[in-house]
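# Structure at a glance
Residues per chain, in single letters:
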Amino acid sequence: MTGTPVLVYALLEHKSTPDPLTPLQVEEYKLRIWRRRIDDHPDDTFRLPPILALVFYHGERPWTVPRSISEMIADDASIRALTRLPGYYLHHVGPDGVPELAAEPELRALFLALYLSQAKAAQAEVMRYTEIFAHL
């Protein structure tokens, strides 16, 4: 334990009937809480508090709806592992050069444009990639 204080929110939602949009509703509440936290503490935007979401249900029918947004996503088995991960994927097209990521010339051209928009590379390197893409 570090001794650092942690602020934990408990988000309580009440349902009398199963609502298939509950995961979206809960995530919207979380986003509102985090945005308010950012507004109230603008210097602490990268340290958001954890939020424990509790849904209280007292209906007669069984609760049969998804419990997370990831359960709502219509995906197939081949990409399920990728779509169920939290967050997002990042590929840094940075100062080390243009990555050879795609077989499609249009996608490679997009990566080149992204690279050149931030490039501080030597003119020779820029010209080399320009010549490569000119022959596609």
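The text that follows walks through the structure, step by step, so that each part is easy to find. Everything numeric here is computed off the predicted structure, so don't read it as measured data.

On the surface, Val8, Leu12, Leu52, Leu54 and Phe56 cluster together into a nonpolar patch covering about 470 Å² of accessible area. The dominant element in the nonpolar patch, judged by the number of residues it contributes, is strand 2 (residues 51-57), at three residues. Here Leu12 lies in strand 1 (residues 9-15).

On to the pattern of salt bridges, then. All chains considered together, the criterion is met by three salt bridges. Here Glu13 makes a salt bridge to Lys15, at a shortest N to O gap of 3.7 Å. Accessibility classification places Glu13 together with Lys15 in one group, the buried group. Salt-bridge contacts for Lys15 lead to Asp19; the nearest nitrogen and oxygen are separated by 3.2 Å.

With respect to the helices and strands, Lys30 occurs in helix 1 (residues 22-40). Setting aside residues up to four positions removed in sequence, Lys30 forms contacts with Leu11, Ile51 and Ala53.

Relative to the helices and strands, Gln25 resides in helix 1. When neighbours within four sequence positions are excluded, Gln25 is seen to be in contact with Glu13, Lys15 and Asp19.

So, how was this worked out
Residues numbered from 1 in each chain as written. Predicted model: local features only at pLDDT ≥ 70, side-chain atom pairs only at ≥ 80, totals over all residues. Heavy atoms only, no water. Patch = residues over 30% accessible without salt bridge, like charges linked within 9 Å, V, L, I, M, F, W, Y side chains within 5 Å. Areas by Shrake-Rupley, 256 points an atom, 1.4 Å probe, with all protein chains shown as cover. Salt bridge = Lys/Arg side-chain N within 4 Å of Asp/Glu carboxyl O. Helix = DSSP H or I, 4+ residues; strand = E, 2+ residues; numbered from the N terminus. Buried < 20%, exposed > 50% of the residue type's maximum accessible area, 1.4 Å probe, protein only. Contact = heavy atoms within 4.5 Å.

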